[in-house]
Amino acid sequence: MWVEEWSSLAACRTDDSDAMFLTGPAELRAKTVCAGCRVRTECLADALDNRVEFGVWGGMTEKERRALLDRRPTVTSWRRLLETARRECSMTKVRP
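From a predicted model like this one, the values you see are computed outputs, not experimental measurements. (Residues numbered from 1 in each chain as written. Predicted model: local features only at pLDDT ≥ 70, side-chain atom pairs only at ≥ 80, totals over all residues. Heavy atoms only, no water.)

## A closer look at unusual backbone geometry
So, step 1. A positive phi angle, close to 50°, is found at Arg51, a residue other than glycine.
So, step 2. You can see Arg51 is positioned in the loop between α2 (40-49) and α3 (62-71). (Helix = DSSP H or I, 4+ residues; strand = E, 2+ residues; numbered from the N terminus.)

## A closer look at the side chain of Arg65
So, step 1. Take Arg65: it is sitting in helix α3.
So, step 2. Within the buried set, Arg65 has no salt-bridge partner at all; the shortest N-O distance to an opposite charge, 5.9 Å, is to Glu62.
So, step 3. Filtering out sequence-adjacent residues up to four positions away, Arg65 remains in contact with Leu44, Ala47, Leu48, Val52, Glu53, Phe54, Gly55, Val56, Trp57 and Met60. (Buried < 20%, exposed > 50% of the residue type's maximum accessible area, 1.4 Å probe, protein only. Lys, Arg positive; Asp, Glu negative; His and termini not counted. Salt bridge = Lys/Arg side-chain N within 4 Å of Asp/Glu carboxyl O. Contact = heavy atoms within 4.5 Å.)

## A few points about the packing of aromatic side chains
So, step 1. Following the criterion strictly, the structure yields 1 aromatic pair and no others.
So, step 2. Here Phe21 and Trp57 contribute two aromatic rings whose centre-to-centre distance is 6.1 Å and whose plane-to-plane angle is 75°, an arrangement assigned as edge-to-face. Here Trp57 lies in the loop between α2 and α3 and Phe21 lies in the segment before α1 (25-35), a separation of 36 residues in the sequence.
So, step 3. Given the relative accessible area of 42%, Phe21 is considered partly exposed. (Phe/Tyr/Trp six-rings, centres within 6.5 Å; stacked < 30°, edge-to-face > 60°.)

## Observations concerning the packing of α2 against α3
So, step 1. Viewed as axis vectors pointing N to C, α2 and α3 meet at an angle of 65°, and their least axial separation amounts to 11 Å. Relative to α3, the element α2 lies roughly perpendicular. Judged by the twist between their axes, the crossing of α2 over α3 is right-handed. Contacts between α2 and α3 pair Leu44, Ala47 and Leu48 from the former with Arg65, Leu68 and Leu69 from the latter.
So, step 2. Looking at side-chain class alone, the contact of α2 with α3 contains 5 nonpolar, no polar and 1 charged residues. (Axes fitted to C-alpha atoms, helices over the stretch in contact; angles between N-to-C directions. Parallel < 35°, antiparallel > 145°, perpendicular 65-115°, else oblique. Left-handed = near helix turned anticlockwise from the far one by under 90°. Nonpolar A, V, L, I, M, F, W, Y, C, P; charged D, E, K, R; others polar.)

Right, dumping it as structure tokens:
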């Protein structure tokens, strides 16, 4: 299920917000905050759809997001793409 108001649930909401806008090794530490975040996909989709230029969002750095956008220029809605992928993935999981 897609979370509309994802920012209030983000793992980084309790950390120093400036920590998500650093460079170098600090970026790697910021990405670890995202690793276990339950709204990581929503965060990433929002950053990609809004072409956010700075910081770590959804576990990706500015450079990584720019490279993804360059590789997939025909994507008009990252939210739609990622939401569909999540739904399809959950439908294919085998449940005991």
